[in-house]
Amino acid sequence: MSAREAAARRLLGDVVSLCLQLQPSQLENYSSQDCKSQERERKRNWVALPGLVQGRKKRGILFSCISLQNIKGFAPGGKMNVVFAVKQYIAKMIEESGTGMKVLLMDKETTSIVSMVYTQSEILQKEVYLFERIDSANRENMKHLKAICFLRPTKENVDYLIQELRRPKYSTYFIYFSNVISKSNVKSLAEADEQEVVAEVQEFYGDYIAVNPHVFSLNISVCCQGHSWDQAQLSRTTQGLTALLLSLKKCPMIRYQLSSEPAKRLAECVKQVITKEYELFDFRRTEVPPLLLLLDRSDDAITPLLNQWTYQAMVHELLGINNNRIDLSRVPGISKDLREVVLSAENDEFYANNMYLNFAEIGSNIKNLMEDFQRRKPKEQQKLESIADMKAFVENYPQFKKMSGTVSKHVTVLGELSRLVSERNLLEASEVEQELACQNDHSSALQNIRRLLQNPKVSELDATRLVMLYALHYERHSSNSLPGLMTELRNRGVSEKHRKLVSAVVEYGGKRVRGSDLFNSKDAVAITKQFLKGLKGVENVYTQHQPLLHETLDQLIKGKLKDNQYPYLGPSTLRDRPQDIIVFMIGGATYEEALTVYNLNRTTPGSGLCWAVPPSTTQKAS
């Protein structure tokens, strides 16, 4: 008997002994016919498996994964892929429920998890005809449907399930929890199943939002109070990270940012779960163990303050991305069917091919897309004079209609981005932001900030961000002019709420807090690179900045990341450079950093990175 089977049987034994008073080892000697003869023995079928016994899954910060192509959670080719991992879980749930009409019963969080990787039409093709929330009070009895329940194992959801099982609305229930569920909760559910409607209970570790193949989120808006964890969010973050590791079949070594107490605390919590659930993490050993790197946003508060110029990052910065959905309802003259659009690389080829390109390239590519659409349009609208014409039209119409929707959507989004760039004078503001982030000319920076503060087109938020960048960069400069800039913000009519952000960002990510030196690197190689870059100029003045993450990961991949700044948790260390790296940023990440990870995955052979991007109203992930 394998360790995993032994764990499952122990859990089964705790449930069944309540009714049968049998040892787990004795259960296999009882036939189903014997069980049916006694009402109390029916609960023997309640098995809460600690994960999918037949095959675990995976997902992380994608640096190339070693050849594990046959294991679910890796896309074909062996790369870690969080979208693929979650899709595999959901497909497995539906497959295990068998043929026939089904309802998918979810909670608020799992609804988001599913919607990020599957469209409603895709799930409809799998005989799932109804989507319901477990907390909905007005659901009808539909005994002709099987229920697939995908829920987080919270007390609230367990209580809802108990009520559901006492008065079942569907014929059969296949229950899947997105994380580890306690034995006591399984017992409570078993006792509530008096009508014997539960066919299966399992743990499928899809307890996170798959944003891009190499990017995941926990959708936590605020995780810390100051520099201390909110305990509820620490628990949720630990659950999300350990589920991620289980879904990707990774039992990693852990490194954390020494200057961050929250990073150390999270590292300890993740390690405790791995130790407690050691049988779940008993994966096939690899030559080089995977690595979990825990960072703190406070070490680089500059990156979230910069305007972005790649498609995905711009959309999030200026319009906001919420689970792949974009709210365009405030766009002047917007049509009803475009008030909310979906941008998903899984279902939108144009978006997948252009999400990391810059603003100018997107405009050119959309022009090409429109021209292609116009070339096809007359052919699709030609007269239908024969059965063959009609057949061709019917076959091509769905593709034509999809293309029409794609063109309308992206033209609208790009048009609104262009309008906001012009309205808020973002080109000029961004140029000064890049100067503040990448150069050390105090006099020029101060002059440019003051000039923009006098420009009425610069928004209150953008004006405040310029002063925040100045406060971080020149915090200890001998000619610091922050008080004067604060006065100019007040005279400009900037609200006190926004003005307070300046002191708050210095307290959060100032020189006293940072473990790294964002602006005055003494590293000879870094100085040489900056000098050579200055001689050759920059390809794009708006994209000079590289986040601190780039340097951190570059050093890590080369085996040069300093142990005294990023220590290992525990006595063991890696002797070889890591192959699979999962990075989590406490306090939120940005789409600029997601692009950094994407580029590293493309250009670094033999490495695989996966990156955490929580949500936010700006390009940062809070």
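Computed from a predicted structure; not experimentally measured.

1. Let's talk about the overall build of the protein chain
What the protein chain contains, in helices and strands, is 22 helices and 18 strands. The 622 residues of the protein chain split such that 52% are buried. For the protein chain, the share of sequence-separated contacts (at least 6 apart) that also reach a separation of at least 24 residues comes to 79%. Surface accessibility of the protein chain: about 29,100 Å² in total, with carbon and sulfur atoms responsible for 49%.

2. Quick look at helix H17 (residues 460–473)
The end-to-end C-alpha distance of H17, which contains 14 residues, comes to 20 Å, matching closely the 20 Å that a straight helix rising 1.5 Å per residue would cover. H17 sits mainly inside the fold: 12 of its 14 residues count as buried. For H17, the elements touching its buried residues are helix H11 (311–318), helix H15 (426–438), helix H16 (442–453), helix H18 (482–492) and helix H19 (496–509).

3. Some points on the packing of aromatic side chains
Within the structure shown, the criterion is met by 11 aromatic pairs. Ring centres 4.9 Å apart and planes at 40° place the aromatic pair Tyr176 and Phe204 in the tilted group. Placement of the pair is Tyr176 in strand E6 (residues 172–177) and Phe204 in the loop between strand E7 (198–203) and strand E8 (209–212), with a sequence separation of 28 residues. Overall, Tyr176 belongs to the buried group, its relative accessible area being 0%. According to the relative accessible area criterion, Phe204 is buried, its value standing at 0%. Aromatic rings pair up to connect Tyr89, Tyr176 and Phe204 into one cluster. For the cation-ring pair, Lys87 lies above Tyr118, with the distance from its terminal atom to the ring centre recorded as 5.0 Å.

4. Observations concerning helix H7 (residues 155–166)
Taking 1.5 Å per residue as the helical rise, H7 with its 12 residues ought to reach 16 Å, and the 17 Å between its terminal C-alpha atoms agrees with that figure. When H7 is considered as a whole, its buried residues turn out to be Asn157, Val158, Leu161, Ile162, Glu164 and Leu165. The arc that holds every buried residue of H7, seen down its axis, measures 165°, which confines them to one face. Seen from the open side of H7, the exposed residues pointing more than 90 degrees away from its buried face are Lys155, Glu156 and Arg166. The secondary structure elements touched by the buried residues of H7 are strand E3 (102–106), strand E5 (146–151), E6, helix H8 (183–192) and E7.

5. Structural notes on the pairing of strand E17 (residues 580–586)
With 7 of 7 residues buried, E17 is to be regarded as a mostly interior element. Across 6 bridges, the pairing between strand E13 (residues 291–296) and E17 is parallel. Bridge pairing in E17 links Leu295 to Met585.

6. Focus on the nonpolar core
Leu241, Leu266 and Leu294 are the most contacted members of the largest nonpolar core, which totals 62 residues. Here this core takes 8 residues from helix H4 (residues 82–96), the largest share from any one element. Ignoring any residue separated from it by four or fewer positions in sequence, one finds Leu266 in contact with Trp229, Leu234, Thr237, Thr238, Leu241, Leu294, Phe584 and Ile586. Grouped together as the second largest cluster of nonpolar side chains are 31 residues, Tyr356, Phe373, Val413 and Leu595 included.

7. Concerning the sheet that holds strand E16 (residues 340–342)
The sheet built from 3 strands is open, its strands ordered E14-E15-E16 with antiparallel pairing. Strand pairing shows two members of the sheet lacking a second neighbour, strand E14 (321–322) and E16, which therefore form its edges. Of the pairings in the sheet, the one linking E14 to strand E15 (residues 325–327) comprises 2 bridges and is antiparallel in character. Residue pairing in the sheet places Asn322 in a bridge with Arg325 of E15.

8. Description of the pattern of salt bridges
As enumerated under the stated definition, the model contains 24 salt bridges in all. Of the charged contacts, one joins Arg419 and Glu416 as a salt bridge, the two residues approaching to 2.7 Å between their closest N and O atoms. Here Glu416 and Arg419 lie together in helix H14 (residues 387–423), a separation of 3 residues that amounts to about one turn. Salt bridges sharing partners connect three or more residues here, namely Glu109, Arg152, Asp207 and Arg236.

9. With respect to the packing of helix H9 (residues 231–247) against helix H10 (residues 261–276)
The contact between H9 and H10 brings their axes to 10 Å, and the two run at 55°. Of the possible angle classes, the one that applies to H9 and H10 is oblique. The hand of the H9/H10 crossing is right-handed. Seen from H9, the contacting residues are Leu234, Thr237, Thr238, Leu241, Thr242 and Leu245; seen from H10, they are Arg265, Leu266, Cys269, Val270, Val273 and Ile274. When its residues are assigned to classes, the contact of H9 with H10 shows 8 nonpolar, 3 polar and 1 charged.

10. With respect to the confidence of the model for the protein chain
When pLDDT is averaged across the protein chain, the result is 81; 77% of the residues are at 70 or more. Summarising per-element confidence for the protein chain, the mean pLDDT is lowest in strand E2 (residues 61–63) (24) and highest in E5 (98). Taken together, the stretch residues 1–74 has pLDDT below 50 and engages in 215 contacts with residues farther than four places along the chain or on a different chain. In the predicted structure, residues 522–538 sits below a pLDDT of 50 and forms 7 contacts with residues beyond four places in sequence or in another chain.

Conventions we followed
Residues numbered from 1 in each chain as written. Predicted model: local features only at pLDDT ≥ 70, side-chain atom pairs only at ≥ 80, totals over all residues. Heavy atoms only, no water. Helix = DSSP H or I, 4+ residues; strand = E, 2+ residues; numbered from the N terminus. Buried < 20%, exposed > 50% of the residue type's maximum accessible area, 1.4 Å probe, protein only. Contact = heavy atoms within 4.5 Å. Areas by Shrake-Rupley, 256 points an atom, 1.4 Å probe, with all protein chains shown as cover. Expected span 1.5 Å × (residues − 1). Phe/Tyr/Trp six-rings, centres within 6.5 Å; stacked < 30°, edge-to-face > 60°. Lys NZ or Arg CZ within 6 Å of the ring centre and 35° of its normal. Arc of directions from axis to C-beta. Pairing = 2+ DSSP bridges. Core = buried A, V, L, I, M, F, W, Y, C linked by side-chain atoms within 4.5 Å. Salt bridge = Lys/Arg side-chain N within 4 Å of Asp/Glu carboxyl O. Axes fitted to C-alpha atoms, helices over the stretch in contact; angles between N-to-C directions. Parallel < 35°, antiparallel > 145°, perpendicular 65-115°, else oblique. Left-handed = near helix turned anticlockwise from the far one by under 90°. Nonpolar A, V, L, I, M, F, W, Y, C, P; charged D, E, K, R; others polar. pLDDT = per-residue confidence, 0-100.

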